[in-house]
Amino acid sequence: MALAVSIAIRCEGCITSHTNSAIKKGATEQEVIETIKVGMMMSGGPGMIYGSKAIAAVEQFFGKHLA
């Protein structure tokens with residue numbers, strides 16, 4: 001949930017760090033995406049911008065492009 005909070009408070013460094021940590025601790029791609037959606041829902045319009053930054057981090061750490 002730290003990732004969701006990172007999106008809501010608009011902290012790019014936090015988004016990268018918490019995305020990486022979640023993946024290293026075994027979070028699945030689906031779990032991380034669901035967390036990003038929660039962060040986006042809780043932060044309104046700005047969440048769309050920072051949610052997309054989180055998606056980019058997920059793509060980087062999983063090494064593939066998400067649809």
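Residues numbered from 1 in each chain as written. Predicted model: local features only at pLDDT ≥ 70, side-chain atom pairs only at ≥ 80, totals over all residues. Heavy atoms only, no water.

### As for the environment of Met 40
For Met 40, the location among the structural elements is in helix H3 (residues 29-42). Measuring from C-alpha to C-alpha, the distance between Met 40 and Ile 7 comes to 6.7 Å, with 33 residues separating the pair along the chain. The residues contacting Met 40, other than those within four sequence positions of it, are Ile 7, Gly 47, Met 48 and Gly 51. (Helix = DSSP H or I, 4+ residues; strand = E, 2+ residues; numbered from the N terminus. Contact = heavy atoms within 4.5 Å.)

### Overview of the pattern of salt bridges
According to the stated counting rule, one finds one salt bridge in the structure shown. A salt bridge links Lys 53 to Glu 12; its shortest N-O distance comes to 3.7 Å. Within this pair, whereas Lys 53 is found in helix H4 (residues 44-62), its partner Glu 12 is found in helix H2 (residues 12-24), the two being separated by 41 residues in sequence. For Glu 12, a relative accessible area of 45% puts it in the partly exposed group. (Salt bridge = Lys/Arg side-chain N within 4 Å of Asp/Glu carboxyl O. Buried < 20%, exposed > 50% of the residue type's maximum accessible area, 1.4 Å probe, protein only.)

### Section: the packing of helix H1 (residues 2-9) against H3
A pair of packed helices is characterised by two quantities: the angle between their axes and the separation of those axes. At a minimum axis distance of 8 Å, the contact between H1 and H3 shows a crossing angle of 35 degrees. As H1 runs across H3, the sense of the crossing is right-handed. On H3, the residues touching Leu 3, Ala 4, Ile 7 and Ala 8 of H1 are Val 32, Thr 35, Ile 36, Val 38, Gly 39 and Met 40. Looking at the contact of H1 with H3, its residues break down into eight nonpolar, two polar and no charged. (Axes fitted to C-alpha atoms, helices over the stretch in contact; angles between N-to-C directions. Left-handed = near helix turned anticlockwise from the far one by under 90°. Nonpolar A, V, L, I, M, F, W, Y, C, P; charged D, E, K, R; others polar.)

So, to be careful, I would describe these as geometric facts and stop short of saying anything about function.
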